[in-house]
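Read off the chains here:
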Amino acid sequence: MITRRAVPGAVLRSALRPALQGAPGCARGLALALGLLCTTSHAADAGNGARLYRQHCAGCHGADGRPVLPAAPDLSRPMALMRGDLALLAFVKGGRGAMPAFAGVLKDREVLDVLAHLRTLR
Ligand code: HEC
């Protein structure tokens, strides 16, 4: 009786052991994959971008993208943001002429948020 009940239990445990031992690894792998997915696919936050734009850019580019500073381009024009986000990110970080460099002032993520906001102006 005892052996007959013990044997199926032991068989069951040994059959399940690889699955049970694998489970924490799987959970870790899954958490890692989900974490990567979340960080890489995190969409730009235009709302945060609007706040940052008011704070850092509107002084020259105007609240709605129409420039206050004559030398600044009109960012509300359809033609203004034809370049892709990565090219514009590099531009905003590096600056040019009267346009200050924002590297070290805004994180890449924050500049991308601002660009997402700018793309809502048109
Ligand atoms: C001190 C004034 C000033 C501030 C502040 C400023 N800009 Fe500019 N920006 C300029 C000027 C001037 C130019 C034109 C530069 C040139 O072409 O020589 C420009 C150009 C641009 C362009 C056009 C790039 C292209 O494709 O030609 C973008 C986009 C831009 N700025 C975004 C921003 C963003 C985003 C911020 C805030 C994070 C910002 N600017 C802050 C003055 C400013």
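Below is a summary of the structure that appears in this document. (Residues numbered from 1 in each chain as written. Predicted model: local features only at pLDDT ≥ 70, side-chain atom pairs only at ≥ 80, totals over all residues.)

The next thing to look at is the overall build of the chain. Within the chain, the secondary structure is distributed over five helices and zero strands. Taken from the N to the C terminus, the helices and strands of the chain come in the order α-α-α-α-α. Residue burial in the chain is summarised as follows: out of 122 residues, 13% are buried. When contacts within the chain are restricted to residue pairs at least 6 apart in sequence, long-range pairs at least 24 apart make up 55% of them. (Helix = DSSP H or I, 4+ residues; strand = E, 2+ residues; numbered from the N terminus. Buried ≥ 20, exposed ≤ 12 C-beta atoms within 10 Å, placed from the backbone. Contact = placed C-beta atoms within 7 Å.)

Turning to the nonpolar core, a few remarks are in order. If you look at the biggest cluster of nonpolar residues, it comprises eleven residues: Leu 52, Tyr 53, Cys 57, Leu 75, Val 92, Phe 102, Val 111, Leu 112, Val 114, Leu 115 and Leu 118. Of all the secondary-structure elements, those providing two or more residues to this core are helix 2 (46-56) and helix 5 (108-118). The greatest single-element share of this core, amounting to five residues, is contributed by helix 5. Setting aside its immediate chain neighbours within four residues, Val 92 contacts Phe 102 and Val 111. (Core = buried A, V, L, I, M, F, W, Y, C linked by C-beta atoms within 7 Å.)

The local shell around the ligand holds 22 residues, among which Cys 57, Cys 60, Gly 97, Ala 98 and Met 99 are the closest. The set of elements that each furnish at least two residues to the shell around the ligand consists of helix 3 (58-61) and helix 4 (85-94). When its residues are assigned to classes, the shell around the ligand shows 16 nonpolar, four polar and two charged. (Near = placed C-beta within 6 Å. Nonpolar A, V, L, I, M, F, W, Y, C, P; charged D, E, K, R; others polar.)

All right, on to the environment of Lys 93 then. Relative to the helices and strands, Lys 93 resides in helix 4. Linking Lys 93 and Asp 108, residues 15 residues apart in sequence, is a C-alpha distance of 8.2 Å. Lys 93 has contacts with Ala 101, Phe 102, Ala 103 and Val 111, leaving out every residue within four places of it along the chain.

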